Amino acid sequence: MDVRDYYQTLGVPKSATAAEIKKAFRKLARENHPDKKPGDGAAEQRFKDVNEANEVLSDPDKRTKYDRFGKDWEAYERAAKANPGGGRSTSTAGDPFGPGGPFAGYTGFGGAGGSGGGNVRYEFRTGGAGSGGFSDFFETLFGNGAGAADLRGAPRGRPASSAVFAPVEAIAEITLEEAFHGASRIVEVAGRRLEVTIPRGVDNGSRVRLTGKGPDGRDLVVITKLQPHSVFTRRGTDLDREVPVTLREAILGAEVPVRTLKGRVLLKLPAGTQTGRSFRLTGQGMPKLKGGGAGDLYVRVRVVLPSKLTDEARDAAATFLELADQPDPRT
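What counts, and where the lines are drawn
Residues numbered from 1 in each chain as written. Predicted model: local features only at pLDDT ≥ 70, side-chain atom pairs only at ≥ 80, totals over all residues. Heavy atoms only, no water. Helix = DSSP H or I, 4+ residues; strand = E, 2+ residues; numbered from the N terminus. Buried < 20%, exposed > 50% of the residue type's maximum accessible area, 1.4 Å probe, protein only. Areas by Shrake-Rupley, 256 points an atom, 1.4 Å probe, with all protein chains shown as cover. Expected span 1.5 Å × (residues − 1). Polar contact = N/O pair within 3.5 Å; in protein donor to acceptor, adjacent residues only side chain to side chain. Arc of directions from axis to C-beta. Pairing = 2+ DSSP bridges. Axes fitted to C-alpha atoms, helices over the stretch in contact; angles between N-to-C directions. Core = buried A, V, L, I, M, F, W, Y, C linked by side-chain atoms within 4.5 Å. Contact = heavy atoms within 4.5 Å. Patch = residues over 30% accessible without salt bridge, like charges linked within 9 Å, V, L, I, M, F, W, Y side chains within 5 Å. Salt bridge = Lys/Arg side-chain N within 4 Å of Asp/Glu carboxyl O.

Draft legend 1. Seen up close, the overall build of the protein. Looking only at helices and strands, one finds 9 helices and 13 strands in the protein. Put simply, the protein has 331 residues, and 36% of those count as buried. Summing over all exposed atoms, the protein offers an accessible surface of approximately 19400 Å²; the carbon and sulfur share of this is 50%.

Encoded structure:
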């Protein structure tokens, strides 16, 4: 049987410090996370193995037991609690691996650092009437009424525990300006208040993942919810907005100030600009979340006609329109 070595799984020596174990775990978890490699069964299994190894090696008490008993440290711990004075150990109560115990000298299962353990499956079968010795001892020690004690992990019939948990999700409402410039948010998860940095360029429904920041060491995923804006409409990395202009500006041309999310710019309108015409301002849109750069801002012109004319202005307008000789736009 090939028993996994947790140190080998994380790629660290047995003498690794807690900080080195944590660093190795985070690196491997990021590389093999199912969200990063969807549909990759091998990566998903590696992710599970890495989590399992970290669950044990990051806990000083579990690590100490694992260093002594290897992969089956949990089975030994359960047996020792269930039968504190059992077995044939005389000098070390409850320890079948101590001096005088039936497994004295076997200091590790599965080659996790013990001498003489190796990659071994320890299997003992209970017999019928008259059976005894090690078979009866393991029947009592591990409570395996099925007829065999398999010390590779948890007792038969008990589901294996998994270190892979679904991430915890939280919602962060942000304005368009905050999505443009980046922002910070305080989210409360399981009674803990965490400050989350929202990167520039996030959109409605963007997911910001914080590895290991959720309850029980789970990942925290912050989902951004973009609030509607009174001026700008977003289309991916591009923005749309409308700008009202006067009749004079539309007819004669002008430089019209336009507010963008970066600041104010001057839009040069050519003479005779029609209402509804759109102008593209390159690079004035939203920053791209990945790869750098920015989208564009599309400015749509709306010509606003004067609503009140004096008699003099009305006469002047009539003279002007006769001189302009505008053809019928409906024909």
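Draft legend 2. Expanded view of helix 3 (residues 41-57). When the terminal C-alpha atoms of helix 3 are compared, their 24 Å separation across 17 residues agrees well with the 24 Å that a helix rising 1.5 Å per residue should span. Taken together, the buried positions of helix 3 are occupied by Ala43, Phe47, Asp49, Val50, Asn51, Glu52, Ala53, Asn54, Val56 and Leu57. Put simply, Asp40 is the residue that caps the front of helix 3, since its side-chain oxygen is 3.1 Å from the backbone nitrogen of Ala42.

Draft legend 3. Summary view of helix 4 (residues 60-69). What helix 4 keeps buried is the set Arg63, Tyr66 and Phe69. Within helix 4, the buried residues cover an arc of 150 degrees as seen down the axis, which keeps them to one side. Those residues of helix 4 that are exposed and aimed more than 90 degrees away from the buried face are Pro60 and Thr64. The residue sitting at the N-terminus of helix 4 and contributing the capping side-chain oxygen is Asp59; that oxygen lies 3.0 Å from the backbone nitrogen of Asp61. The positive-phi residue at the C-terminal boundary of helix 4 is Gly70, with phi of around 70 degrees.

Draft legend 4. A look at the sheet that holds strand 7 (residues 220-226). The 3 strands are arranged 3-7-6 in an open sheet whose pairing can be described as mixed. Only two strands of the sheet have a single neighbouring strand rather than two, namely strand 3 (168-174) and strand 6 (207-210). Sheet twist, expressed as the mean angle between neighbouring strand axes with direction ignored, is 25 degrees. Across 4 bridges, the pairing between strand 6 and strand 7 is antiparallel. What sits directly across from Arg209, in strand 7, is Val221.

Draft legend 5. Just the nonpolar core, in detail. Of all hydrophobic cores here, the largest spans 35 residues; its most connected members are Leu220, Val222 and Val245. In this view, Leu220 contacts Val168, Ala170, Val187, Val189, Leu194, Val208, Arg209, Leu210, Lys213 and Gly214; residues no more than four positions away in its chain are not counted. Of all hydrophobic cores here, the second largest spans 19 residues; its members include Val12, Phe25, Ala29 and Val50.

Draft legend 6. Layout of a nonpolar patch on the surface. A surface patch of nonpolar side chains, amounting to about 560 Å² of accessible area, comprises Leu247, Ile251, Leu252, Leu305, Phe320 and Leu321. Elements with a minimum of two residues in the nonpolar patch: helix 8 (247-252) and helix 9 (311-324). Per-element accounting of the nonpolar patch gives the leading share, 3 residues, to helix 8. Of note, Leu247 is situated in helix 8. For Leu247, a relative accessible area of 33% translates into the label partly exposed.

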